Amino acid sequence: MSADATRRRFTRALLASSLAIAVGKVAAQGAVRKPITESGAVADGKTVNTAAIQATIDQLAAQGGGTVVVPAGRFVSGALFLKPRVHLHFEPGAVLECSTDMRNFPGRRTRIEGHFEDNFTPALINAKGCDGLRITGEGTLDGAGRPVWDRFWQLRNAAKDPHNFPNLGLPRARLALLEESRDVLVEGVTFKDAQFWNLHIYNCQDVTVRKARFLVPDDYPQAPSTDGIDLDSCQRVTVEGCYFSVTDDCIAAKGSKGPLALEDRSSPPVEHIRVRNCVFKRGHSVLTLGSEATIVRDVLIEDCEVGDVRVAHLKLRSDTPQHYEDIHYRNIRLAGKSASIVDIIPWSQYTNLLGNKPPQSTVRNISFTGFSGTAGTLGNIAPNPGQTTISDILLKDFDVRLGDGELHATGVSNLRLENVTVNGKPYTA
């Protein structure tokens with residue numbers, strides 16, 4: 001055996017050994033399990049258990065790690081902060097409910113909407129620098145959001161400019177904020193009635209969200225900002241087997257915003273995202289790029305069922321240099337009546353050039369392949385005039401029934417339609 005071959009073999013063995021040790025460490029850290037009731041948490045649906053649950057987290061962290069267990073019952077809490085090597089597990093019937101008294105969520109510096117806000121509401125579950133984190137089980141994170149939503153609409157409707165009323169216009173808690181962590185698993189948990197975003201993942205790598213559910217009541221027409229998953233400046237994320245029924249974006253790719261966004265080193269590109277075998281019953285779109293996004297590339301969404309939900313919404317901000325590339329949707333089964341399939345269009349809410357010249361943006365290599373079922377319309381493609389270059393858009397192997405059978409497209413180069421059947425007839429742009 002040559003020296004090079006020997007070195008390669010040794011390197012592979014060393015990597016395999018390191019991986020086995022890492023996996024063993026994660027398993028060992030999670031082996032110690034401590035129910036929150038041992039620290040005095042009470043499942044009566046009214047006692048605020050923040051101190052007791054945080055004590056459980058802190059005790060396990062001091063002992064080298066373990067798993068915080070939420071048993072069956074309804075436990076109310078304010079903001080909680082996980083520590084490295086401390087995991088969270090929900091037993092069947094367990095509910096961890098957000099307090100609606102924002103005094104239980106003292107303002108602090110937090111990442112939100114493409115920047116760091118110096119004093120805003122933390123999430124119910126906060127985890128930073130928690131490599132190997134596991135949040136698992138058949139329980140529920142409940143945002144108890146209805147009174148917060150009602151208050152939001154009351155304030156927005158009374159505002160001088162309701163369209164631009166800020167999402168940060170009142171304190172409200174996300175259900176989970178996971179930051180700067182690697183090798184993260186969120187599995188089996190139900191996220192419901194979030195006051196703000198459900199699962200916000202910022203600057204994380206190698207994340208899997210599996211068999212999770214994201215819910216808003218069917219009888220509430222528009223719960224504000226109830227995004228299912230916000231992928232903020234993340235790389236290598238897999239979302240699989242999840243269920244979405246919300247009233248904002250099901251999944252949103254997020255980063256920075258504004259004319260100087262490319263200089264923002266705290267907002268690396270969103271890239272290498274895989275979404276598969278999910279059900280999207282309700283929401284603004286399956287995947288939205290924006291509202292705050294600069295570079296998004298290498299995204300694949302496949303083998304999903306989509307109700308009356310827009311499949312793709314690529315928001316083109318006139319105040320932000322954007323680069324959207326290699327975004328692909330394939331094998332999508334539609335069951336809607338009014339939503340569009342693709343919208344690549346200008347988006348103007350909260351626009352602010354800060355006195356700078358309008359920046360240039362690029363959208364390229366976006367494909368939609370293997371679509372069947374019913375929807376409202378093929379959709380709309382249009383640039384911000386003089387700012388956006390849109391090219392290489394492909395629709396292929398469609399057999400769909402639509403209320404509006406037209407694709408309304410302008411300002412696109414190399415728009416291709418191959419084997420597209422709309423309402424039983426071949427369609428060409």
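Counting restarts for each chain: residues are numbered from 1 in the order of the written sequence. This being a predicted model, a pLDDT of at least 70 is required before a residue's local features are given, and a value of 80 or more before pairs of side-chain atoms are given or counted; all residues contribute to the totals for chains, interfaces and linings. The basis for every side-chain value is the complete set of heavy atoms in the structure, and neither hydrogens nor water enter the calculation.

Heading Sequence similarities (unreviewed entry) of the UniProt record for the protein holds this comment: "Belongs to the glycosyl hydrolase 28 family." UniProt positions are given in the numbering used here, feature names are shortened, and annotations may be inferred rather than shown by experiment.

Side note on the pattern of salt bridges
Salt bridge criterion: a side-chain nitrogen from Lys or Arg within 4 Å of a carboxyl oxygen from Asp or Glu. Counted by the stated rule, this structure contains 25 salt bridges. The residue Glu 97 makes a salt bridge to Arg 74 at a minimum N-O spacing of 2.6 Å. Remark: Arg 74 occurs in strand 3 (residues 73-77) and Glu 97 occurs in strand 6 (residues 94-98); sequence separation between them is 23 residues. Any residue under 20% of the maximum accessible area for its type is buried, any over 50% is exposed, and the rest in between are partly exposed; the area is computed with a 1.4 Å probe on protein chains only. According to the relative accessible area criterion, Arg 74 is partly exposed, its value standing at 33%. In this structure, the salt-bridge partner of Arg 210 is Glu 187, at a minimum N-O distance of 3.2 Å. Taken together, the residues span a long stretch of sequence, with Arg 210 in strand 16 (residues 205-210) and Glu 187 in strand 13 (residues 182-187) at a distance of 23 residues. Within the structure, one salt-bridge network assembled from shared partners comprises Arg 74, Glu 97, Asp 142, Lys 192 and Asp 193. Each helix is a run of H or I in the DSSP string that is no shorter than four residues. Each strand is a run of E no shorter than two, and both are numbered from the N terminus.

Points about the side chain of Ser 99
Examined against the element boundaries, Ser 99 turns out to sit in the loop between strand 6 and strand 7 (108-112). The class of Ser 99 is buried, set by a relative accessible area of 5%. In what follows, a contact means two residues having at least one pair of non-hydrogen atoms within 4.5 Å. For Ser 99, the residues in contact, after removing those within four places along its chain, are Val 76, Ser 77, Asn 104, Phe 105 and Gln 195.

Quick notes on the state of the cysteines
Every disulfide links exactly two cysteines, by a covalent bond between their sulfur atoms. Cysteine sulfurs are considered disulfide-paired once they come within 2.5 Å of each other. Enumeration over the complete set of coordinates arrives at zero disulfides. Cysteine Cys 250 remains unbridged, with the sulfur of Cys 278 as its closest cysteine sulfur at 9.6 Å. In this structure Cys 278 is not part of a disulfide, and its nearest cysteine sulfur, from Cys 242, lies 4.8 Å away.

Remarks on the confidence of the model for the protein
Per-residue confidence for the protein gives a mean pLDDT of 93, with 93% of residues at or over 70. The predictor rates its confidence in each residue with pLDDT, a number between 0 and 100. This model gives residues 13-29 a pLDDT under 50, and the stretch forms eight contacts once residues within four places in sequence are excluded.

Remarks on helix 2 (residues 50-62)
For helix 2, which comprises 13 residues, the first-to-last C-alpha distance of 18 Å matches the rise-based estimate of 18 Å (1.5 Å per residue) to within 8%. All buried positions along helix 2 are accounted for by Thr 50, Ala 52, Ile 53, Gln 54, Thr 56, Ile 57 and Leu 60. As for helix 2, its buried residues are in contact with strand 1 (33-35), strand 2 (66-70), strand 3, strand 4 (80-81), strand 5 (86-90) and strand 6. One or two steps after helix 2, the chain reaches Gly 64, where phi turns positive at roughly 100 degrees. The span you would expect from a helix comes to 1.5 Å times its residue count less one.

Quick notes on the pairing of strand 7
Two strands pair when backbone bridges link them, and strand 7 and strand 8 (residues 115-120) are joined in this way by four bridges, in the antiparallel orientation. Residue pairing across strands places Thr 110 opposite Glu 117, the latter belonging to strand 8. For two strands to pair, DSSP has to find at least two bridges joining them. Turn length for the strand 7-strand 8 hairpin, with the two strands adjacent in sequence and antiparallel, is two residues, and the turn residue Glu 113 shows positive phi of about 50 degrees.

Remarks on the packing of aromatic side chains
Whether two aromatic rings pair depends on their centres lying within 6.5 Å, for rings of Phe, Tyr and Trp, where Trp uses its six-membered ring; planes under 30 degrees apart make the pair stacked, over 60 edge-to-face, and the rest tilted. Inspection of the entire model under this criterion finds 13 aromatic pairs. Seen in terms of ring centroids, Phe 152 and Phe 165 are 5.4 Å apart; in terms of plane orientation they differ by 75 degrees. Their pairing is edge-to-face. Here the residue Phe 152 occupies a position in helix 3 (residues 146-158), and Phe 165 occupies one in the loop between helix 3 and strand 12 (176-179), the gap between them amounting to 13 residues. For the residue pair Phe 152 and Phe 165, the accessibility class agrees, reading buried in each case. On the basis of an interplanar angle of 5 degrees and a centroid distance of 5.0 Å, the ring pair of Tyr 329 and Phe 368 is categorised as stacked. Here Tyr 329, found in strand 27 (residues 323-335), pairs with Phe 368, found in strand 29 (residues 361-381); they are 39 residues apart in sequence, far enough to count as distant. Taking relative accessible area as the criterion, Phe 368 reaches 0% and is therefore assigned buried. In textbook terms, an aromatic cluster arises when at least three aromatic residues are bridged by ring pairs, as seen for Phe 191, Phe 214, Phe 244 and Phe 280.

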